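# A look at the structure
Residues per chain, in single letters:
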Amino acid sequence: MTGENLKYAEVILPLKLKMEVSYIIPENLEPEINIGSRVRVEMGGREYIAVVRNISSNCGEYAGKIKEVTGVEPAPAITEKEFEFWEWMASYYMCTIGEVYRAAFTSSITEQEHKKARNRPSKIKAGEEFSKLSAAQEKAFEEIKQSFSKGVPALLEGITGSGKTEIYIRLAKEEIDKGRCVLYLVPEIALSRQLSERLNAVFGERLLIFHSKQSPAERFRAHKALRESGDGKGYIVLGLRSSVFLPFRELGLIIIDEEHDSSYKQTDPAPRYNGRDCAMMLGKIHSAPVVLGSATPSLESQFNVASGRYTGILLKERFYGAETPEIVVLDTIRESKRGKMNGLFSQQLIKEIENTLLKGEQVLIFRNRRSYSPLVQCTNCGHIPLCTHCNVPLNYHKGKGILLCHYCDFRIRYTQVCPACREATLEDKGSGTEKIEEKIKEIFPFATVARFDAEVTRSKREESRILKEYAAGKIDILVGTQMISKGFDFENLSLVALIQADSMLALDDFRANERAFQLLTQLSGRTGRKHVRGKIIIQSAQPKHPVYHLFETGSDTVYDQLSERKEFDYPPYVRMIKITLKDRNRERLSEYASQLGDTLGRIRNIECSGPFAPLTDKIRGEFLLVFWIKFSRNSGSAIKTGLKELLTSFESGKSSLTVATDVDPV
Ligand code: ADP
Ligand code: ZN
């Protein structure tokens, strides 16, 4: 072989590499290798499956010895649309294309893995009869289509039970019937489980479900079906954020359900992407219309409606005409002064629970904290046991008899003996779901009480058992974290109570109020469906807080919230990037941070603040310092390009340091 005849493949490796790497294409593999092919290559003594981005007759500037491609995967080629999407993502989220490919690739699967897995036969349905849309639904449906015809995304705002899902199904069906594909995004697996039955009844074998907890065979089925789609055979993919990486061919519609949900955001590792925003871009690339839906749209999306980028469409009434729940805010300080608190619960709440149970209806108690107590403290010396690896108190889990770190899972056996003064005087402080469950059982010994939080639902069987029994009315009172706030439909649930509700407001985050409002609305959406009017009781030490006021009055203060964001220069009025520096050595970290601070301070057109120590400033043995960058909405890509270069060169050569860049942090 002479040098002139050699062909080189520039490939993308699933690694955080700055550039594409070239490999020689051996003659015998030449006919099989095209742009988009997946090839086997070696790098640093390991074999990777890489993607061919380019084929050329020179190998760029690289002067060292160039290796050969060692094999070709039988998988179909990555399309230009996929590359366009990956490249957009790398530039928008300030990561490398290798990191995007790695994210896309873990959502994928190789043919080899597939051969080991069983392929389930799929049921064939179609011909399902629809229920007729109500007049309000019909109107919303038409408005959405009108918006689509103008090329404008639609934001469907409607309370839980207003019939949004029914509208999505109708929109999707039209596309499937035309042989096109539909992406139906939900933020959490629990929601996809809920929806899958309903969608299966309509779409049968044309329904593909996609998330990371599935078996390889199921995920492979989605990939294969989509690659072979587009020939008049459409599919609907019900999936989590990673489904934006699926190999869509003819994408006719994207539905983004619960668009406000922060679970759409991947926080680690890079790409730190928001599935909602990526789906918007995917829609653009495929010229596919997008409908976003929520009972509590994000301020970002409402801003887009206000500025004409989206069409806002409202569904006001619940489909079954059920009334929205009654809202009661209970002042725990006042109640306590009047001697009307019984431990964690006000006497009025206990009375309300009792009345609800007497009517044969069900109760949900919400507390956004799992564990028995968020910390234990010594009454003799004041010591609070902390995690050895993270700067946080250890949570007490009474049932397991352990103190546990919720960041890194570090655990020690709990005894009352204080590790500092050796007296047997440790006591639990505060309350989590486990303690609430215990106390409720004491107050209502005849009621069936269960708990639903990340600890209990670690077992999938236990999770579905509890949901089934609660839905069937076999559980009277369910105590749970936000896991329970989303999507579940319990017909007989008529009372929702929030214990220590203020803890959701006390976050160091400009979105805290928006989140709290969304959570309250989600929770109230769980009550009073179909037959019973619900009630929601909020136990608060700050009953006059604007979030409760907004929730009680239901007044439209979106513009107040938006103007607050505007006044203080927060998104959506500006763009934000969060840069986190991590190092195992505290002194070295602060030295690096001050160096970076100096550099960032010199960049024009950005506002940089930091370094700050976050509330939890040590996680898994690494100390953390954070910078916040703000800049104008219009100057995004130029600033990001400069910043990315700066950070890459800053990080290089500092082996102990990690720099995590988070664009549009939530
Ligand atoms: P959302 O998605 O807004 O929470 P859903 O679409 O789930 O609302 O509708 C709420 C309830 O009303 C569901 O039980 C659904 O089956 C029912 N429903 C909605 N639209 C119709 C319709 N046109 N005909 C009959 N039942 C409907
Ligand atoms: Zn820890």
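Residues numbered from 1 in each chain as written. Chains lettered and ligands numbered in written order. Predicted model: local features only at pLDDT ≥ 70, side-chain atom pairs only at ≥ 80, totals over all residues. Heavy atoms only, no water.

## Describing the pairing of strand β1 (residues 7-12)
Note: β1 against strand β2 (residues 21-25), five bridges, orientation antiparallel. Bridge pairing in β2 links Glu10 to Ser22. (Pairing = 2+ DSSP bridges. Helix = DSSP H or I, 4+ residues; strand = E, 2+ residues; numbered from the N terminus.)

## What to know about the sheet that holds strand β5 (residues 71-72)
Pairing is antiparallel across the open sheet formed by five strands, whose spatial order is β2-β1-β4-β3-β5. Across the chains shown, the open sheet's two edge strands, defined by having one partner strand only, are β2 and β5. Strand direction decides the pairing type here: β1 and strand β4 (residues 46-56), joined by five bridges, are antiparallel. For Glu10, the partnering residue across the bridge sits in β4 and is Asn54. With respect to the sheet, helix α1 (residues 80-92) is in contact with β1 and β4, its orientation differing from that of β4 by roughly 105°. (Contact = heavy atoms within 4.5 Å. Axes fitted to C-alpha atoms, helices over the stretch in contact; angles between N-to-C directions.)

## So, the nonpolar core
Of all hydrophobic cores here, the largest spans 72 residues; its most connected members are Phe85, Trp86, Val244, Phe245 and Ile579. The dominant element in this core, judged by the number of residues it contributes, is α1, at seven residues. Within the second largest apolar cluster, 31 residues are counted, among which are Ile167, Ile236, Leu240 and Ile313. (Core = buried A, V, L, I, M, F, W, Y, C linked by side-chain atoms within 4.5 Å. Buried < 20%, exposed > 50% of the residue type's maximum accessible area, 1.4 Å probe, protein only.)

## Regarding the packing of aromatic side chains
Tallied over the entire structure, the rule returns 17 aromatic pairs. On the numbers, 5.7 Å between centres and 85° between planes, the contact of Tyr168 with Tyr184 is edge-to-face. Of this pair, Tyr168 sits in helix α5 (residues 164-177) while Tyr184 sits in strand β7 (residues 181-185), placing them 16 residues apart in sequence. Here the two residues Tyr168 and Tyr184 agree in accessibility, since each one is buried. Ring-pair connections join several aromatic residues into one group, and the members of that group are Phe85, Trp88, Tyr92, Tyr93, Phe245 and Tyr273. Positioned above the aromatic ring of Tyr235, the side-chain terminus of Arg206 is 5.9 Å from the ring centre. The ring centre of Phe650 lies 4.0 Å from the NZ or CZ of Lys654, which sits over that ring. (Phe/Tyr/Trp six-rings, centres within 6.5 Å; stacked < 30°, edge-to-face > 60°. Lys NZ or Arg CZ within 6 Å of the ring centre and 35° of its normal.)

## Some thoughts on the coordination of the zinc ion (ligand 2)
Cys387 (SG), Cys390 (SG), Cys405 (SG) and Cys408 (SG) make up the full set of protein donors to the zinc ion (ligand 2), lying at 2.3 to 2.4 Å. Coordination geometry of the zinc ion (ligand 2): the four donor atoms subtend angles of 106 to 115° at the metal centre, consistent with an arrangement described as tetrahedral. Mapping the donors of the zinc ion (ligand 2) onto the primary sequence yields the spacing C-x2-C-x14-C-x2-C. Note that Cys390 is positioned in the loop between β17 (375-378) and β18 (395-397) and Cys405 in the loop between β19 (402-404) and β20 (411-413), a separation of 15 residues in sequence. Each member of the pair Cys390 and Cys405 is classed as buried. (Donors = N, O, S within 2.8 Å, 3.2 Å for Na, K, Ca; no water. Tetrahedral: all angles 85-135°; square planar, octahedral: opposite > 155°, others 65-115°.)

## Observations regarding the pattern of salt bridges
In this structure the tally under the stated criterion is 44 salt bridges. Residue Lys7 pairs with Glu30 through a salt bridge whose shortest N-O separation is 3.7 Å. Here the residue Lys7 occupies a position in strand β1, and Glu30 occupies one in the loop between β2 and β3 (38-43), the gap between them amounting to 23 residues. By relative accessible area, Lys7 is classed as partly exposed at 35%. Between Lys178 and Glu175 there is a salt bridge, and its shortest N-O distance comes to 3.4 Å. Classification of Glu175 as buried rests on a relative accessible area of 9%. (Salt bridge = Lys/Arg side-chain N within 4 Å of Asp/Glu carboxyl O.)

## Here we look at the site of ligand 1
Close contacts around ligand 1 come from 16 residues, with Lys132, Gln137, Gly161, Thr165 and Arg198 the closest. Measuring from a nitrogen atom of ligand 1, one finds a backbone N or O atom of Lys132 at 2.7 Å. Within the backbone of Gly161, a nitrogen or oxygen atom sits 2.7 Å from an oxygen atom of ligand 1. When the free accessible area of ligand 1 is taken as 550 Å², the share hidden by the protein chains comes to 82%. Sorting elements by how many residues they give to the shell around ligand 1 places α5 first, with three residues. A breakdown of the residues in the shell around ligand 1 according to their chemical character gives four nonpolar, eight polar and four charged. (Near = heavy atom within 4 Å. Polar contact = N/O pair within 3.5 Å; in protein donor to acceptor, adjacent residues only side chain to side chain. Areas by Shrake-Rupley, 256 points an atom, 1.4 Å probe, with all protein chains shown as cover. Nonpolar A, V, L, I, M, F, W, Y, C, P; charged D, E, K, R; others polar.)

## Concerning unusual backbone geometry
Pro271 follows Ala270 through a cis peptide bond whose omega is 0°. Inspection of the secondary structure assignment puts Pro271 in the loop between β10 (251-256) and α8 (275-286). Going from Pro571 to Pro572, the amide bond is cis rather than trans, its omega being 5°. Here Pro572 is to be found in the loop between α16 (558-567) and β26 (574-583). Despite not being glycine, Met94 has its phi angle at roughly 55°, a positive value. With respect to the secondary-structure elements, Met94 resides in the loop between α1 and α2 (97-106). Residues other than glycine seldom take positive phi values, yet Asp569 does so here, at roughly 60°.

## Considerations on helix α6 (residues 189-203)
Most pronounced at Ser196, the bend in α6 amounts to some 35°. Listed as buried for α6 are Ile189, Ala190, Leu191, Ser192, Leu195, Ser196, Leu199, Val202 and Phe203. Directly after α6, the chain includes Gly204, whose backbone phi takes a positive value near 50°. (Bend = angle between axes of the 7 residues up to and from the residue.)

## A look at the side chain of Thr616
Relative to the assigned elements, Thr616 resides in the loop between β27 (606-612) and β28 (618-619). In terms of polar contacts, Thr616 uses its side chain to reach the side chain of Tyr407, at 3.1 Å. Thr616 has contacts with Asn391, Val392, Tyr407 and Leu624, leaving out every residue within four places of it along the chain.

## Remarks on the confidence of the model for the protein
Looking at the protein, the pLDDT average stands at 90 and 94% of residues meet or exceed 70. Note on residues 111-125: pLDDT is under 50 here. Beyond four places in sequence and across chains, it has 22 contacts. (pLDDT = per-residue confidence, 0-100.)

## Notes on the packing of helix α14 (residues 512-525) against helix α15 (residues 546-553)
Direction vectors running N to C along α14 and α15 enclose 40°, while the axes themselves pass 10 Å from each other. Classed by the angle they form, the pair α14 and α15 counts as oblique. The chirality of how α14 crosses α15 is right-handed. Contacts between α14 and α15 involve Asn513, Ala516, Phe517, Leu520, Thr521 and Ser524 from the first element and Val547, Tyr548, Leu550 and Phe551 from the second. Its residues assigned to classes, the contact of α14 with α15 comprises seven nonpolar, three polar and no charged. (Parallel < 35°, antiparallel > 145°, perpendicular 65-115°, else oblique. Left-handed = near helix turned anticlockwise from the far one by under 90°.)

## Quick look at the packing of α1 against α8
The interhelical angle for the contact between α1 and α8, taken along N-to-C directions, is 140°, at an axis separation of 10 Å. Considering their axes alone, α1 and α8 lie oblique with respect to each other. The handedness of the crossing between α1 and α8 comes out as right-handed. Residues Lys81, Glu84, Phe85, Trp88 and Met89 of α1 form the contact with α8, whose own contacting residues are Asp277, Cys278, Met281, Leu282, Ile285 and His286. Its residues placed into classes, the contact of α1 with α8 shows seven nonpolar, one polar and three charged.

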